Amino acid sequence: RKFIQKGDLVIDIGANIGDTTVPIGLAAGKEGITLGFDPNPYVFKLLEKNATLNKDKTNIIPVPCAISTKEQEFYYISSEASFSNGGISETKESIHGKFVYPNKIKGVNLHNYIQDNYSGKTVTFIKIDTEGYDKEIIKSISDLVTKHKPVIIAESVKHSSDEAKKELFDVIHVHNYDIYYFEDFHKDTKTIKIEKAEDMLQWKSTINVYALPNK
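These figures come from a predicted structure and were not determined experimentally.

1. Quick word on the environment of aspartate 143
Looking at where aspartate 143 falls in the secondary structure, it is placed in helix α5 (residues 142–148). Residue aspartate 143 is classed as exposed on the basis of its relative accessible area of 53%.

Structure representation (structure tokens):
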């Protein structure tokens, strides 16, 4: 609620079953629009179900797509037979694992998607949680970030290389954003301003950061 007002257009990329999509949707309210993107066909069924909760208080729209630079189809691949987590790939050979979903899933360019479906509205908030690919998502939505200047929440995962952690900082900071570590998704959470890319390396565990446009 610190960053989202009633009536806002807000986006959850990597929504999974909607554990953050639902509270985001409650903050934006019935008057707002909350888009939850997730390409995982299995968890998407739960996201759809959870999006129906609190219908009098939310307007959550689940979208079964990945975010990509251009519109194309991908394989969804996981290291787990349960497909609890995974990622997209243009080929069946992928670092994500050996379990390949039989049908291809769609990737969309987010900037174009918003222009085509919500022209005239401003995106005020984007949360990204894509298992270590957050920096690649931010690169792919660079045009949208430049135009809308939304609050951004992203994740730096513990198994990422030092260079990847620093790059996550850089791809946000280049848009003239101030970036902060925050401890958890709750009121009065501990926050620390991250001044430079190297500061990302002080955390060895997975962390969340939020970024505010420097006005």
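2. Observations concerning unusual backbone geometry
One non-glycine residue, asparagine 54, lies in the positive phi region at around 55 degrees. Mapping asparagine 54 onto the fold places it in the loop between α2 (41–51) and β3 (60–63). The exposure class assigned to asparagine 54 is partly exposed, which follows from its relative accessible area of 30%. One non-glycine residue, aspartate 188, lies in positive phi territory at about 60 degrees. Along the chain, the position of aspartate 188 falls in the loop between β11 (177–182) and β12 (191–194).

3. A look at the sheet that holds strand β2 (residues 33–37)
Overall, mixed pairing links the eight strands, which are arranged β3-β2-β1-β9-β10-β13-β11-β12 in an open sheet. On the outer flanks of this sheet lie β3 and β12, each paired with one strand and no other. On average, each strand axis in the sheet is tilted by 20 degrees relative to the strand beside it, whichever way the strands run. Pairing analysis gives four bridges linking β11 to β12, with the strands arranged antiparallel. Bridge assignment links tyrosine 180 to a residue of β12, and that residue is lysine 193.

4. So, the packing of aromatic side chains
On inspection of all chains with the given rule, the structure shows seven aromatic pairs. Pairing tyrosine 181 with tryptophan 203 gives two aromatic rings, centres 4.6 Å apart and planes at 15 degrees, and the pair type is stacked. Placement of the pair is tyrosine 181 in strand β11 and tryptophan 203 in the loop between β12 and β13 (207–213), with a sequence separation of 22 residues. As far as the burial class goes, tyrosine 181 and tryptophan 203 line up, both buried. Centre to centre, the rings of phenylalanine 182 and tyrosine 210 are 5.8 Å apart; their planes meet at 50 degrees, and the pair counts as tilted. Taken as a pair, phenylalanine 182 in strand β11 and tyrosine 210 in strand β13 lie far apart in primary sequence, 28 residues in all. The pair formed by phenylalanine 182 and tyrosine 210 is uniform in burial state, with each residue classed as buried. By way of ring pairs, the aromatic residues Phe3, Tyr180, Phe182, Phe185 and Tyr210 are connected into one cluster.

5. Quick look at the pairing of strand β5 (residues 72–78)
The two faces of the sheet receive side chains in turn, since in a regular strand these alternate between them. Taken across its seven residues, β5 has five buried, putting it largely inside the fold. Relative to strand β8 (residues 105–108), β5 is paired through three bridges, and the arrangement is antiparallel. Within the sheet, the bridge partner assigned to glutamine 72 lies in β8 and is glycine 107. Here β5 pairs with strand β7 (residues 99–100) via two bridges, running antiparallel. Bridged to isoleucine 77 within β7 is valine 100.

6. Section: the nonpolar core
If you look at the biggest cluster of nonpolar residues, it comprises 38 residues, and the most contacted ones within it are Ile11, Leu35, Phe37, Leu110 and Ile114. Top contributing element to this core by residue count: helix α6 (residues 162–173), with four residues. Once residues lying within four places of it in the same chain are set aside, the contact partners of phenylalanine 37 are Ile11, Asp12, Ile13, Gly14, Ala15, Val63, Cys65, Ile67, Val108, Leu110 and Tyr113. Counting 11 residues, the second-largest nonpolar core is a separate cluster that includes Ile4, Ala27, Ala28 and Tyr210.

7. Some remarks on the pattern of salt bridges
By the definition in use, this model includes eight salt bridges. Put simply, lysine 127 and aspartate 12 hold a salt bridge, and the shortest N to O gap is 2.8 Å. You can see lysine 127 sitting in strand β9 (residues 123–128) and its partner aspartate 12 sitting in strand β1 (residues 9–13), a full 115 residues away along the chain. Across the pair, exposure class does not vary: lysine 127 and aspartate 12 are buried alike. As a salt-bridge pair, lysine 193 and aspartate 178 come within 3.8 Å of each other at their nearest N and O atoms. With lysine 193 in strand β12 and aspartate 178 in strand β11, the pair connects residues that are 15 residues apart, well separated along the chain. The network of salt bridges with common partners includes Lys135, Glu136, Lys139 and Glu167.

What counts as what
Residues numbered from 1 in each chain as written. Predicted model: local features only at pLDDT ≥ 70, side-chain atom pairs only at ≥ 80, totals over all residues. Heavy atoms only, no water. Helix = DSSP H or I, 4+ residues; strand = E, 2+ residues; numbered from the N terminus. Buried < 20%, exposed > 50% of the residue type's maximum accessible area, 1.4 Å probe, protein only. Pairing = 2+ DSSP bridges. Axes fitted to C-alpha atoms, helices over the stretch in contact; angles between N-to-C directions. Phe/Tyr/Trp six-rings, centres within 6.5 Å; stacked < 30°, edge-to-face > 60°. Core = buried A, V, L, I, M, F, W, Y, C linked by side-chain atoms within 4.5 Å. Contact = heavy atoms within 4.5 Å. Salt bridge = Lys/Arg side-chain N within 4 Å of Asp/Glu carboxyl O.

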